[in-house]
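For reference, the chains in residue letters:
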Amino acid sequence: MPSDNEPEHCLLALVGLSPAVLTETVFALCSGSSCDTPDRIIVVTTVPGRDLLHKQLFTEGGWAELVDFLAASGVETEGRLRFGPVDDCIRVVPSLDRSCALPDIQSDADNVAVADYLMETVRVLTANDEVRLTASLAGGRKSMSALLMSVMTLLGRFSDRLVHVLVDPPWEQQPDFLFPGCAGTFVNGRTGEPLDPGLARLTLAEIPFVPLRLMFERETGHAAGSYQRTVHALRSRVGPRAEGVELVLDCDDASVSVEERRIALAPLEFALLGTMAQFAKAGRSPLPDYTSLGDPVRRFGATHFRADDFGHWSHRVAESHLDPKEDFRRIFSNLRSRLREAGVPGVHIDRIVPQRGRISMDLPASDISFKNSSADRQKHHP
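The present account deals with the structure reproduced in this document.

What counts as what
- Residues numbered from 1 in each chain as written.
- Predicted model: local features only at pLDDT ≥ 70, side-chain atom pairs only at ≥ 80, totals over all residues.
- Heavy atoms only, no water.
- Helix = DSSP H or I, 4+ residues; strand = E, 2+ residues; numbered from the N terminus.
- Rg over C-alpha atoms; globule rule 2.2 N^0.38 Å.
- Buried < 20%, exposed > 50% of the residue type's maximum accessible area, 1.4 Å probe, protein only.
- Contact = heavy atoms within 4.5 Å.
- Patch = residues over 30% accessible without salt bridge, like charges linked within 9 Å, V, L, I, M, F, W, Y side chains within 5 Å.
- Areas by Shrake-Rupley, 256 points an atom, 1.4 Å probe, with all protein chains shown as cover.
- Salt bridge = Lys/Arg side-chain N within 4 Å of Asp/Glu carboxyl O.
- Polar contact = N/O pair within 3.5 Å; in protein donor to acceptor, adjacent residues only side chain to side chain.
- Expected span 1.5 Å × (residues − 1).
- 1 Å grid on protein atoms, 1.4 Å probe; cavity = no way out; pocket = protein on both sides within 12 Å on 5 of 7 lines; lining within 4 Å.
- Points joined across faces, edges and corners; volume = space filled by probe spheres on them.
- Pairing = 2+ DSSP bridges.
- Axes fitted to C-alpha atoms, helices over the stretch in contact; angles between N-to-C directions.

### Points about the overall build of the protein chain
Then step 1. Helix and strand counts for the protein chain stand at 13 helices and 12 strands.
Then step 2. Its C-alpha radius of gyration of 29 Å places the protein chain more than 25% over the 21 Å reference for a compact globule of 382 residues.
Then step 3. Counting only C-alpha atoms, the protein chain reaches 95 × 45 × 40 Å along its principal axes.
Then step 4. Split into buried and exposed, the 382 residues of the protein chain put 48% on the buried side.
Then step 5. Sequence-distant contacts in the protein chain: of pairs separated by 6 or more residues, those separated by 24 or more amount to 70%.

Shown next as structure tokens:
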């Protein structure tokens, strides 16, 4: 069992018509200096896959043999490797209309059913901070593996893993082979020579993935969202994100134009947004916190200060006594609401206004311009 301060390690494995994919993956996870023994195992499969798992791993004793072998090899198995011939451990994908369990994956509807079921399963596991997930895409049809990869990209976290087990020849052609060192008589089908299972080699390949849930928490976290609905929502947001966003800040009247939508801002809203725009044009890295934004905002206001115009926004900035740590977060939140009310798309707002984990403006310098700035005034009034 995991210690009190460690999350439970759950292995989610796809299995088709080869139960050995599961035993090989577990063996590889438990081997070597990087031993990462699962506490709990969940298999997603079809009806024939379930029947073969029951037969080879439980009726014929393959699973008990693996656990005993690992324990004898020094792997801590007490309270770990929890897996058995029950529905909670071996989960058969239901059909799209939930009228039956899938015997195979042969149609578009079957693929949709697999995608939705994997989405539901992974969402529950990754929503629990007390669970660390390793997902294995080694078994099942290629479409299942591709869908699991996609679902992990949508829902996986930095603490989660995606893996694939590689088996050296000729062992992948031995139907009774379960793991290196397993019992049985094995013969090389090409040469007819006997094979020693103790010499078999497995490689656990790590598959890197990008956890998009950190960028799209609202879309990926919706409990009732199907796979297709979630993908559609993300595509609708990513599409505009790939396009340019023209941002023009007018230093005369403290307004901002986003894709020709003009929005009047409060003085401090404009000063904060203008400061972030200056940083973006200069290629500055994101700020570590809001406190480091205080002096730059005051300098931005001073740069555009108009002593002869007491109604100018720069006076309000000069007179303000704000706590950057508390007030700036509130001002940016108000700015986000103001842009949303003006009809600016959410994907544009996310790039323009700093947000949790990214105190910066996510726009290239070419998309940002200032109008009626102090530099412009000097050009026209030397």
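### Details of unusual backbone geometry
Then step 1. Residue Pro169 is joined to Pro170 through a cis peptide bond whose omega torsion reads 5°.
Then step 2. Considering the arrangement of structural elements, one finds Pro170 in the loop between strand 5 (161-167) and strand 6 (186-187).
Then step 3. Here the phi dihedral of Glu259 falls at roughly 50°; this positive angle occurs in a residue that is not glycine.
Then step 4. With respect to the element layout, Glu259 can be found in the loop between strand 10 (255-258) and strand 11 (261-264).
Then step 5. We classify Glu259 as partly exposed; its relative accessible area is 32%.
Then step 6. For Glu260, which is not a glycine, the phi torsion comes out positive at approximately 70°.
Then step 7. Relative to the helices and strands, Glu260 is located in the loop between strand 10 and strand 11.

### Topic: a nonpolar patch on the surface
Then step 1. A cluster of nonpolar side chains, contributed by Phe158, Leu214 and Met215, occupies part of the molecular surface with about 370 Å² of accessible area.
Then step 2. On the secondary structure map, Leu214 appears in the loop between strand 8 (202-206) and helix 6 (217-220).

### Some remarks on the environment of Asp129
Then step 1. With respect to the helices and strands, the residue Asp129 is situated in the loop between helix 4 (108-126) and strand 4 (131-136).
Then step 2. In sequence terms Asp129 and Pro19 are 110 residues apart; their C-alpha atoms lie 30 Å from each other.

### Comments concerning the side chain of Arg213
Then step 1. Secondary-structure assignment places Arg213 in the loop between strand 8 and helix 6.
Then step 2. A polar contact is formed between the side chain of Arg213 and the side chain of Thr126, at a distance of 3.0 Å.

### A closer look at helix 5 (residues 142-155)
Then step 1. The end-to-end C-alpha distance of helix 5, which contains 14 residues, comes to 20 Å, matching closely the 20 Å that a straight helix rising 1.5 Å per residue would cover.
Then step 2. Along helix 5, the residues classified as buried are Met144, Ser145, Leu147, Leu148, Val151, Met152, Thr153, Leu154 and Leu155.

### Let's talk about the environment of Arg50
Then step 1. The topology assignment puts Arg50 in helix 2 (residues 47-59).
Then step 2. When its relative accessible area of 26% is taken as the criterion, Arg50 is described as partly exposed.
Then step 3. With 37 residues separating them along the chain, Arg50 and Asp87 place their C-alpha atoms 9.5 Å apart.
Then step 4. Sequence-distant contacts of Arg50, defined by excluding residues within four places in its chain, comprise Thr45, Ile90 and Val92.

### Notes on the layout of surface pockets
Then step 1. Taken as a whole, the second largest pocket spans an internal volume of roughly 220 Å³.
Then step 2. Together, 15 residues line the second largest pocket, and Gly16, Leu17, Asp104, Gly140 and Arg141 are the ones closest to its centre.

### Topic: the sheet that holds strand 11
Then step 1. Within the open sheet, the 4 strands sit side by side as 11-10-9-12. Their pairing is mixed. Each of the sheet's edge strands pairs with one partner strand only, and the pair in question is strand 11 and strand 12 (368-371). Pairs of neighbouring strands in the sheet enclose a mean axial angle of 20°, with direction left out of account.

Everything listed here is a matter of geometry and, on its own, says nothing about what the molecule does.
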